[in-house]
Amino acid sequence: MPEHVPAVVVGAGHAGLAASHFLRRHGIDHVVLERGEVANSWRRERWDSLRLLTPNWLTRLPGQSYEGPDPDGYMTSGEVAEFISRFAAGAPVRTGTPVTSLRPADGGFVVNDELHARAVVIASGACNTPVVPAFAAALPSSITQITPHRYRGPADLPEGGVLVVGASATGVQLAAELHRSGRKVTLSVGEHVRMPRLYRGRDVLWWMDATGVWDQRHDEIDDLERARKLSSPQLVGDEKRRTLDLNALTDLGVEVVGRWAALRDGKALFSGGLRNLFALADLKLVRLLDTFDAWAGDGPGERPESTRVPASTRLQLDLTGGEIRTVVWATGFRPDYTWLDVPVVDAKGRLRHDGGVAEGVSGLYALGLPVLRRRKSTFIHGIEDDARDVTDHLARFLLGRST
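The following refers to the structure shown. Counting starts from 1 at the beginning of each chain's written sequence and moves along it residue by residue. Confidence filtering applies because this is a predicted model: local features only for residues at pLDDT of at least 70, side-chain atom pairs given and counted only at 80 or more, and all residues used for totals across whole chains, interfaces and linings. Where side-chain values are given, they derive from all heavy atoms of the structure, hydrogens and water being excluded.

### Some words on the overall build of the chain
The condition that has to hold: Secondary structure counts use DSSP, requiring at least four H or I residues in a row for a helix and at least two E residues in a row for a strand, with both numbered from the N terminus. Here the radius of gyration uses the C-alpha set of atoms, whereas the globule reference equals 2.2 Å times the residue count to the power 0.38. Think of it in three bands: with a 1.4 Å probe and only protein chains considered, a residue is buried below 20% of the maximum accessible area for its type, exposed above 50%, and partly exposed in between. Note on contacts: a residue pair qualifies if any of its non-hydrogen atoms lie within 4.5 Å across the two residues. Note on areas: these come from Shrake-Rupley sampling with a 1.4 Å probe, and a residue is covered only by the protein chains present in the view. Counting rule applied: Lys, Arg positive; Asp, Glu negative; His and chain ends not counted. For the purpose of locating charges, the reference atoms are NZ of Lys, CZ of Arg, CG of Asp and CD of Glu.
Looking only at helices and strands, the chain has nine helices and 23 strands in total. Relative to the 2.2 N^0.38 estimate, which gives 22 Å for 403 residues, the radius of gyration of the chain is 22 Å and therefore close to what a compact globule would have. In terms of overall dimensions, the chain has C-alpha extents of about 65 × 55 × 40 Å along its principal axes. Scored against the burial criterion, the 403 residues of the chain give a buried share of 51%. Relative to all contacts within the chain whose residues are 6 or more apart in sequence, the contacts with residues 24 or more apart total 69%. Summing over all exposed atoms, the chain offers an accessible surface of approximately 17,900 Å²; the carbon and sulfur share of this is 48%. Charged side chains in the chain number 49 positive and 50 negative. The centres of these two groups are separated by 2 Å.

### Side note on the packing of aromatic side chains
Selection criterion: Each pair of aromatic rings taken from Phe, Tyr and Trp, with Trp reduced to its six-membered ring, is defined by centres within 6.5 Å and is described as stacked if the planes are under 30 degrees apart, edge-to-face if over 60, and tilted in the remaining cases. We call a charge positioned over a ring when the NZ of a Lys or the CZ of an Arg lies within 6 Å of the ring centre and within 35 degrees of the ring normal.
Counting across every chain of the model gives 11 aromatic pairs. Seen in terms of ring centroids, Y199 and W207 are 5.8 Å apart; in terms of plane orientation they differ by 65°. Their pairing is edge-to-face. With a relative accessible area of 2%, Y199 lands in the buried category. Ring centres 5.7 Å apart and planes at 25° place the aromatic pair W207 and F292 in the stacked group. Placement of the pair is W207 in helix α5 (residues 204-210) and F292 in helix α8 (residues 274-296), with a sequence separation of 85 residues. No difference in accessibility class separates W207 from F292, as the two residues are buried. Taken together through their ring pairs, the aromatic side chains of Y199, W206, W207, F292 and W295 make up a single cluster. Across from the ring centre of F397, 5.2 Å away, lies the NZ or CZ of R118, which sits over that ring. Cation over ring: R202 sits above W206, and NZ or CZ is 4.1 Å from the ring centre.

### Observations regarding the side chain of D386
You can see D386 is positioned in helix α9 (residues 383-398). Taking relative accessible area as the criterion, D386 reaches 0% and is therefore assigned buried. Non-local contacts of D386, meaning those with residues more than four positions away in its chain, are made with L367, L372, R373, R374 and S377.

### A few points about the sheet that holds strand β11 (residues 161-165)
Rules: The criterion for strand pairing is that DSSP finds at least two bridges linking the strands in question. Helix axes are fitted only over the stretch in contact, all axes being lines through C-alpha atoms; the angle between N-to-C directions runs from 0 to 180 degrees.
Strand order in the open sheet made by the five strands is β10-β19-β11-β12-β15, with parallel pairing throughout. Both edges of this open sheet fall to β10 (144-146) and β15 (255-257), since each of them pairs with a single strand only. Taking the axes of each pair of neighbouring strands and ignoring which way they run, one obtains an average angle of 20° across the sheet. The strands touched by helix α4 (residues 169-180) within the sheet are β11, β12 (185-188) and β19 (324-329), with β12 carrying the most contacts at an inclination of about 170°.

### Some details on the pattern of salt bridges
Formally: Definition used for salt bridges: Asp or Glu carboxyl oxygen within 4 Å of a side-chain nitrogen of Lys or Arg.
Within this structure, the stated rule accounts for 33 salt bridges. A salt bridge links R44 to E37, with the shortest nitrogen-to-oxygen separation between them at 2.3 Å. What makes E37 partly exposed here is its relative accessible area of 32%. Linking R194 and D282 is a salt bridge whose minimum nitrogen-to-oxygen distance equals 2.8 Å. Taken as a pair, R194 in the loop between β12 and β13 (198-199) and D282 in helix α8 lie far apart in primary sequence, 88 residues in all. Each member of the pair, R194 as well as D282, carries the same accessibility label: buried. It is possible to trace a salt-bridge network through shared partners that takes in R200, D290, D293, D298 and R303.

### Some details on the pairing of strand β8 (residues 115-122)
Of all eight residues in β8, seven are buried; the element is thus mostly enclosed. The pairing of strand β1 (residues 3-10) with β8 spans seven bridges and is parallel. The residue of β8 that forms the bridge with H4 is H116. Taken together, the three bridges between strand β7 (residues 108-111) and β8 define a ladder with antiparallel strand orientation.

### Observations concerning the sheet that holds strand β17 (residues 267-270)
Read across the open sheet, the three strands follow the order β16-β17-β18; overall the sheet is antiparallel. With one partner strand each, in any of the chains shown, β16 (260-264) and β18 (316-318) form the two edges of the open sheet. The sheet shows a mean angle of 20° between the axes of neighbouring strands, taken without regard to direction. Pairing of β17 with β18, which is carried by three bridges, proceeds in the antiparallel orientation. When the sheet's bridge partners are listed, A268 is paired in β18 with L317.

As structure tokens, this is what we get:
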């Protein structure tokens, strides 16, 4: 017979542990199931040089904040793992326990055929599975393909040129690192979010926090689906607090091309229209900085240079000629819900929810997804408010006060 427990939390990253923190405050008995170790993805699925995008002073969890000597620095992945592990103290975590099935049963859910719970919080992360285009399977066999989950550093790759696909935070960071290792790097760019590391002498994320941009709620956003699909901003946790945008990469010597649209006869075909892509990213940046200036109330600050459009760009690249030896797919991630035997996943593999409350399935919740309840939902410091709201709803559900 399955063990009975009022609530199960899936995942012992920062989101699942925040849920556990507030469930304990509510006095709700629960268990947290983790496939590996606490903060497993930070320990096992990050490249060696990665640093957090948010400064240390902003890195906080309920009742825990950074207390070290470098508040304006950026934690390494190992430091993030240890920060989250300290937060796990006292949480009822069962490590080495992957969730392989969850199905409705007897007014609740059965997990792995071993646990029965009235409520379940899915906090297994938004970045479980790399998104790679279907035509990747047709690339020449001479090309090494790798995703950020498997990449640790330049030494992992064969000698020769690298094509990095995707210009979000991951793509621009890997392009810069690979170029500095001595490789010729080409970066394929689609729609992206541009940000300076510093604005008016402060970290740009200080402005996001102070002005309340990050606190905008999901039910206040006009195009929520688009907001949830936005890529991470072009930022790097650099000790010198440098901006890493397309201008910076061009100055390094990285070649910028358009979005990889198709593969034909061993050739990568790129879309044109970089000028329009750059103009859109610059426009969104100016609007954001206008918001900061309006809040400050003392006139505009110095604006970054507009993204420079190359005099000419390649529209195709022969992958059979030896110029490119490796393709790095920095094309985003998606959650893995293959273990969910509950009618709550749409045709695109996305969880249907309203602010973390599953639609049409009572007792099922989610945390840690993009713009779950606020724009800051996927950031470590953004989980506290979401977790409090979601566990409040869960507590009312267990008491019979919510459906």
